[in-house]
Each structure stands twice: as structure tokens, then as C-alpha cells.
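As a plain string of letters, each chain reads:
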Amino acid sequence: MGNLIEIKGVRHAYRTASGPLPVLDGLELSVPEGGFVAVVGPSGCGKSTLTRLIAGLMTPDEGEVWLHGARVTSPRATVGMAFQNPVLLEWRTILKNVLLPLEIVPTKLTKKQAEERARHLLNLVGLSGFEDKRPSELSGGMRQRASLCRALIHQPEVLILDEPFGALDAFTREDLWQIMHALKAEEPFTGVLITHDLRESIFLADEVVVLSGRPARTQYVLDVAVKGARDIDHLYTPEAAEMLNVLRHQIAIAQGRELPATTRRAAQ
Ligand SMILES: Nc1ncnc2c1ncn2[C@@H]1O[C@H](COP(=O)(O)OP(=O)(O)OP(=O)(O)O)[C@@H](O)[C@H]1O
Ligand SMILES: [Mg+2]
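Since this is a predicted model, take the numbers as computed values, not measurements. The written sequence of each chain sets the order in which its residues are numbered from 1. Here every chain gets a letter starting at A, and every ligand a number starting at 1, in the order they are written. In keeping with the predicted nature of the model, local features appear solely for residues at pLDDT of at least 70, side-chain atom pairs appear and are counted solely at 80 or more, and the whole-chain, interface and lining totals rest on all residues.

Colleague: Mind showing me how you'd approach the overall build of the protein here?
Modeller: Under the scheme used here, helices are H or I runs from DSSP no shorter than 4 residues and strands are E runs no shorter than 2 residues, and both carry numbers assigned from the N terminus. Looking only at helices and strands, the protein features seven helices and 10 strands. Principal-axis analysis of the C-alpha atoms places the extent of the protein at approximately 60 × 45 × 40 Å. Exposure criterion: with C-beta atoms placed from backbone coordinates, a residue whose C-beta has 20 or more other C-beta atoms within 10 Å is buried, one with 12 or fewer is exposed, and one in between is partly exposed. Here the protein, with 268 residues, has 38% of them falling under the buried criterion. Contacts here follow a simple rule: the backbone-placed C-beta atoms of the two residues must lie within 7 Å. For the protein, contacts bridging at least 24 residues in sequence account for 71% of all contacts bridging at least 6.

Colleague: Even after reading the chapter, I still don't get the nonpolar core, so can you show me in this structure?
Modeller: Soluble globular proteins: nonpolar side chains tend toward being buried together. One nonpolar core equals one set of buried Ala, Val, Leu, Ile, Met, Phe, Trp, Tyr and Cys residues connected by C-beta atoms within 7 Å. By size, the foremost hydrophobic cluster in this structure holds 71 residues, and its most contacted members are Ile-54, Cys-149, Val-158 and Val-208. Ranked by residues supplied to this core, first place goes to helix H7 (residues 238-254) with six residues. Each of domain 1 (3-78 + 157-262) and domain 2 (85-156) gives at least three residues to this core. Setting aside chain neighbours within four positions, we find Ile-54 in contact with Ile-5, Val-65, Val-79, Val-158, Ile-160 and Val-192. Where each domain starts and ends follows an automatic or database-derived domain assignment.

Colleague: Help me out: how do you make sense of the site of ligand 1 in this one?
Modeller: Lining the immediate environment of ligand 1, one finds Tyr-14, Thr-16, Leu-21, Val-23, Ser-43, Gly-44, Cys-45, Gly-46, Lys-47, Ser-48, Thr-49 and Arg-214. Contributions of two or more residues to the shell around ligand 1 are made by strand S1 (3-16), strand S2 (19-32) and helix H1 (47-54). Looking at the shell around ligand 1 element by element, the count peaks at three residues for H1. Residue polarity is assigned by list, with Asp, Glu, Lys and Arg as charged and Ala, Val, Leu, Ile, Met, Phe, Trp, Tyr, Cys and Pro as nonpolar; anything else, Gly included, falls into the polar class. Of the residues in the shell around ligand 1, the class split is four nonpolar, six polar and two charged. For each residue, a C-beta atom is placed from the backbone, and the residue is labelled near a molecule or strand when this atom is within 6 Å of it.

Colleague: How should unusual backbone geometry be read in this particular structure?
Modeller: Most peptide bonds are trans, and most residues other than glycine sit at a negative phi. The residue after Arg-214, namely Pro-215, is reached through a cis peptide bond having omega -5 degrees. For Pro-215, the location among the structural elements is in the loop between strand S9 (207-211) and strand S10 (218-223). Despite not being glycine, His-68 shows a phi value in the positive range, around 50 degrees. Relative to the elements of secondary structure, His-68 occurs in the loop between strand S4 (62-67) and strand S5 (70-71). The exposure class assigned to His-68 is partly exposed, which follows from the 16 C-beta atoms found within 10 Å. Positive phi outside glycine occurs at Glu-163, with the angle close to 50 degrees. Checked against the element boundaries, Glu-163 lands in the loop between strand S7 (158-162) and helix H5 (170-186). Judged by the 18 C-beta atoms lying within 10 Å of it, Glu-163 falls in the partly exposed class.

Take a look at the structure:
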């Protein structure tokens with residue numbers, strides 16, 4: 001129970017040759033166990049920085065990052081990550097790529113159990129029969145599906161997705177959205193999704209957090225009306241249209257194109 005991820009008052013500046021670059025300024029974010037939160041915001045506002053903080057790859061100048069009741073101060077093995085460019089190793093088969101994290105993170109699984117688990121995940125994402133192929137023999141969408149399996153193989157508590165579907169065509173992207181819901185139903189995880197795609201955010205997440213322009217703070221939180229698995233039809237409802245409008249407006253504010261005074265609240 002309670003929040004699995006808790007980010008409180010986080011401030012951070014990168015040290016650059018031309019002086020400090022403030023990136024995060026008063027970031028607040030909480031994700032309940034089993035929840036799925038999408039983070040949207042202008043390019044360069046600090047979203048990938050946020051993912052590094054959650055994974056413990058860096059610590060903030062100020063504020064706190066908590067994961068499952070423990071302060072995050074070093075890299076966490078209980079976090080799985082997938083990025084826009086699925087970096088799969090060409091000299092390993094798809095199955096061996098999926099198994100890679102288990103060679104790094106301690107596991108209780110025997111070799112046989114681990115392989116069964118990898119095959120099961122590949123089956124869930126529709127990649128049965130491709131276990132022995134090399135990454136270059138797969139399409140971009142298939143590679144991304146394999147990288148999702150790799151991110152989940154060690155049953156991470158948190159799955160962080162940093163624009164994982166950004167490079168895919170619209171149809172493949174929608175397929176992967178549905179695969180994400182199927183994966184989550186079978187392999188419950190707590191998710192943080194960074195995306196530029198507002199439709200994606202309301203299709204996948206329970207809550208959408210809009211970050212302001214750099215230095216980013218939490219500007220707006222939208223509660224998505226439909227929870228859990230949903231189908232593409234939900235994107236064509238009046239409720240979805242209203243949510244997308246609200247988010248578009250918030251992004252315009254974050255980019256400094258509109259004034260916050262005209263802020264409207266999400267339809268409830
Ligand atoms: N290691 C670093 N050292 C210095 N500056 C950095 C570093 N990493 C990121 N930055 C700067 O911090 C800012 C935020 O970067 P970040 O990658 O978090 O943004 P983002 O919101 O993920 O952007 P995008 O939407 O384009 O992926 C950018 O201005 C970037 O140039
Ligand atoms: Mg980024």
C-alpha cells in the first residue's frame with residue numbers, strides 16, 4: 001500500500017562549462033504501487049533526468065527520492081528501463097538479449113527457469129519463434145517488444161519507459177500500447193512513462209503529470225478517467241477529447257505559448 005515512488009521537492013542543476021544549468025526545480029511526483037504515471041513536458045525540460053533520479057543513477061542537489069520506503073542514493077536493481085532506441089546486442093540472440101539483466105542482477109531463478117521466463121515474456125509480446133534470431137533480423141517494433149521483455153525479466157518493481165515508442169510508426173505504436181496493457185495485466189509493475197505523445201499518455205497511464213519548462217516543476221496533474229486496461233476506442237470518446245485538450249493547453253503553458261491564467265481544470 002502507499003506510494004511506491006515518492007519524489008519530494010527535488011531540485012537539481014547540472015554543472016556545465018558555462019556554469020550551473022538548473023534542470024529540476026521543485027519536482028513532486030508520487031506513484032502508488034501498481035500505478036502507471038505518464039510524464040509529459042517540453043523537450044529538454046528534465047524528463048530523462050527524472051528517470052535517472054528514480055533509477056538512482058544520480059542523486060539530486062536537493063529533495064528526496066524514495067522507492068518502496070527507502071531513500072534512493074545509489075543505482076537500483078529493482079528498476080527496469082526501456083528507451084526510444086532499444087540497444088540490443090547484435091552478437092546475442094533475442095533470447096540471450098532478454099536474459100542479459102539476470103547476468104548482472106542477482107536472481108533466485110535457475111538457468112532453466114530464467115529461460116522459461118524469457119520465453120514466456122517473448123510469447124506475451126508476440127515474439128514466439130524469434131528467440132534464436134539476431135536483433136538485425138527483427139523490425140523496429142519487434143526490437144522494442146524484445147527490449148520490453150528485457151526490462152521486465154528480473155521482475156523489477158518499477159518499469160521506467162523513456163519515450164519507448166517514439167521512433168515507431170503510428171500503427172506499430174498502437175499495437176505496442178495494447179501489448180503494454182497485456183503485459184501489465186500478466187506481470188504487474190509500477191510504471192513511469194516519459195512521452196511526447198499525449199494520446200499515448202492517456203491510453204496507458206492512470207495519471208498524467210505535466211512538467212513546466214526548464215527548470216521543471218510539477219505544473220499539472222491529470223487524473224485519467226479510465227483505469228487499467230482499455231482499448232483504442234477509448235481514445236475517440238468525448239472524455240478523451242476533453243483530456244487531450246486540457247493536456248495540449250498545459251503543454252502550451254509549459255512552453256510559454258499561453259498564460260496560466262486561462263488554465264482550465266480537467267472535466268470530472
Ligand atoms: N549530463 C548532463 N550534463 C549537462 N547537462 C545535461 C546533462 N544531461 C542533460 N543535460 C541538460 O539538461 C536539460 C534536461 O535534459 P533531459 O535529457 O533531462 O531533458 P528531457 O526532458 O528528457 O528532453 P527530451 O524531451 O528532449 O528528451 C537539457 O537542457 C540538457 O541539455
Ligand atoms: Mg529525454
